[in-house]
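Results of the structural survey
Next come the chains, spelled out residue by residue.
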Amino acid sequence: MRRYNIWRPLMLILTAMLTNSLVTNLCMLFGVEAETASNIGFGAMIIAAFIVYSRMTRHRRK
């Protein structure tokens, strides 16, 4: 475990969870049903996690 950075996984998890809650709350605010809003939030969480992960690995490769 040489040069392991604890902040990268924490940042990834934090970004994903905040995206999930933000999108779910915005959907609920606009009148979407709770289950549908939760599913949309989960999808946005997955997309945000992929974006953050790709940016982290691209920056590390340079």
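Our structure's up above, just so we're on the same page.
**Considering the overall build of the chain**
Secondary structure summary: the chain contains 2 helices and 0 strands in total. Reported as C-alpha extents along the three principal axes, the dimensions of the chain are approximately 50 × 20 × 15 Å. By residue count, 23% of the 62 residues in the chain fall in the buried class. When the accessible area of the chain is evaluated, it comes to approximately 5400 Å², of which 66% is carbon and sulfur surface.

**Some words on the environment of arginine 8**
The residue arginine 8 is located in helix H1 (residues 7-29) in this model. Residues arginine 8 and methionine 56, spaced 48 residues apart in sequence, show a C-alpha to C-alpha distance of 7.8 Å.

**Focus on the environment of isoleucine 40**
Inspection of the secondary structure assignment puts isoleucine 40 in helix H2 (residues 34-61). Given a relative accessible area of 40%, isoleucine 40 falls into the partly exposed group. For the pair isoleucine 40 and asparagine 20, spaced 20 residues apart in sequence, the C-alpha to C-alpha distance is 8.3 Å. Discounting chain neighbours no more than four positions away, the residues touching isoleucine 40 are Val23 and Cys27.

**Let's talk about a nonpolar patch on the surface**
Nonpolar side chains collect at one region of the surface, where Tyr4, Ile6, Trp7 and Leu10 lie side by side and expose about 490 Å² of accessible area between them. By secondary structure assignment, the location of leucine 10 is in helix H1.

**Brief notes about the side chain of threonine 57**
With respect to the element layout, threonine 57 can be found in helix H2. When its relative accessible area of 9% is taken as the criterion, threonine 57 is described as buried. At 3.2 Å, the side chain of threonine 57 and the backbone oxygen of serine 54 are in polar contact.

Parameters at a glance
Residues numbered from 1 in each chain as written. Predicted model: local features only at pLDDT ≥ 70, side-chain atom pairs only at ≥ 80, totals over all residues. Heavy atoms only, no water. Helix = DSSP H or I, 4+ residues; strand = E, 2+ residues; numbered from the N terminus. Buried < 20%, exposed > 50% of the residue type's maximum accessible area, 1.4 Å probe, protein only. Areas by Shrake-Rupley, 256 points an atom, 1.4 Å probe, with all protein chains shown as cover. Contact = heavy atoms within 4.5 Å. Patch = residues over 30% accessible without salt bridge, like charges linked within 9 Å, V, L, I, M, F, W, Y side chains within 5 Å. Salt bridge = Lys/Arg side-chain N within 4 Å of Asp/Glu carboxyl O. Polar contact = N/O pair within 3.5 Å; in protein donor to acceptor, adjacent residues only side chain to side chain.

Note that all results are geometric; they support no functional claim without further evidence.
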